[in-house]
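# Examining the three-dimensional arrangement
Listed below are the residues making up each chain.
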Amino acid sequence: MATKSPANPTKHPPASPTLPKQDDGGTTVLERVPQKTKPPLMYQVVMLNDDYTPMEFVVFVIQEFFKKDRQTATQIMLKIHLDGKAVCGVFSKDIATSKVEQVSQAAKEHGHPLQCLAEPME
Ligand code: TYC
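Below is a summary of the structure that appears in this document. Predicted model only: the values in this text are computed from it and were never measured.

A word on the sheet that holds strand 5 (residues 115-120). Pairing within the open sheet is antiparallel, and its 3 strands lie in the order 4-3-5. A strand with exactly one partner marks an edge of an open sheet, and here the two such strands are strand 4 (85-92) and strand 5. Each adjacent strand pair in this sheet contributes to an overall mean axis angle of 25°, direction not counted. For strand 3 (residues 42-48) and strand 5, the ladder comprises 6 bridges, and the chain directions are antiparallel. Bridge pairing links Tyr-43 to Pro-120 in strand 5. Sheet strands touched by helix 1 (residues 55-66): strand 3 and strand 4. Its angle to strand 3, the strand with the most contacts, is close to 160°. Contacting strand 3 and strand 4, helix 2 (residues 70-83) runs over the sheet at an angle of about 125° to strand 4.

Below you can see the structure in the form of structure tokens.
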């Protein structure tokens with residue numbers, strides 16, 4: 001089936017915003033306008049230490065929800081245990097929020113007080 005072609009198929013909008021400007025010779029010059037949009041903020045998911053959650057459960061959670069191998073997950077768990085907290089991963093806001101919910105849900109189901117939070121990175 002034939003589809004309707006656009007009124008002016010060769011005219012496309014410029015790749016980035018431009019403003020027409022008249023120079024001295026009567027020629028139209030297109031000047032680039034600086035982009036105003038910033039890239040979206042990224043969020044780090046920080047896990048917190050507590051005195052009750054078993055180390056093995058924390059290693060499991062880091063492997064399962066942050067896709068780390070066992071050795072890396074163990075190193076992160078030990079850093080949390082020793083320093084009080086550590087970053088488990090960096091994500092978009094939606095994904096970071098979802099990771100926090102998944103961890104909180106798993107901790108609740110197993111009766112552990114494990115906590116993590118999503119922090120904007122500037
Ligand atoms: N401090 C806990 C213990 O000694 C282990 C632990 C590590 C708990 C990391 C939470 O995010 C955590 N059993």
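Further notes follow.
Looking now at unusual backbone geometry. Within the chain, Lys-67 stands out as a residue other than glycine whose phi angle is a positive 55°. For Lys-67, the location among the structural elements is in the loop between helix 1 and helix 2. Positive phi, close to 85°, is recorded for Glu-122, a residue that is not glycine. For Glu-122, the location among the structural elements is in the segment after strand 5.

What follows deals with a nonpolar patch on the surface. On the surface, Met-42, Val-87, Val-90 and Met-121 cluster together into a nonpolar patch covering about 300 Å² of accessible area. Considering the arrangement of structural elements, one finds Met-42 in strand 3.

Thresholds, definitions, all that
Residues numbered from 1 in each chain as written. Predicted model: local features only at pLDDT ≥ 70, side-chain atom pairs only at ≥ 80, totals over all residues. Heavy atoms only, no water. Pairing = 2+ DSSP bridges. Helix = DSSP H or I, 4+ residues; strand = E, 2+ residues; numbered from the N terminus. Axes fitted to C-alpha atoms, helices over the stretch in contact; angles between N-to-C directions. Contact = heavy atoms within 4.5 Å. Patch = residues over 30% accessible without salt bridge, like charges linked within 9 Å, V, L, I, M, F, W, Y side chains within 5 Å. Areas by Shrake-Rupley, 256 points an atom, 1.4 Å probe, with all protein chains shown as cover. Salt bridge = Lys/Arg side-chain N within 4 Å of Asp/Glu carboxyl O.

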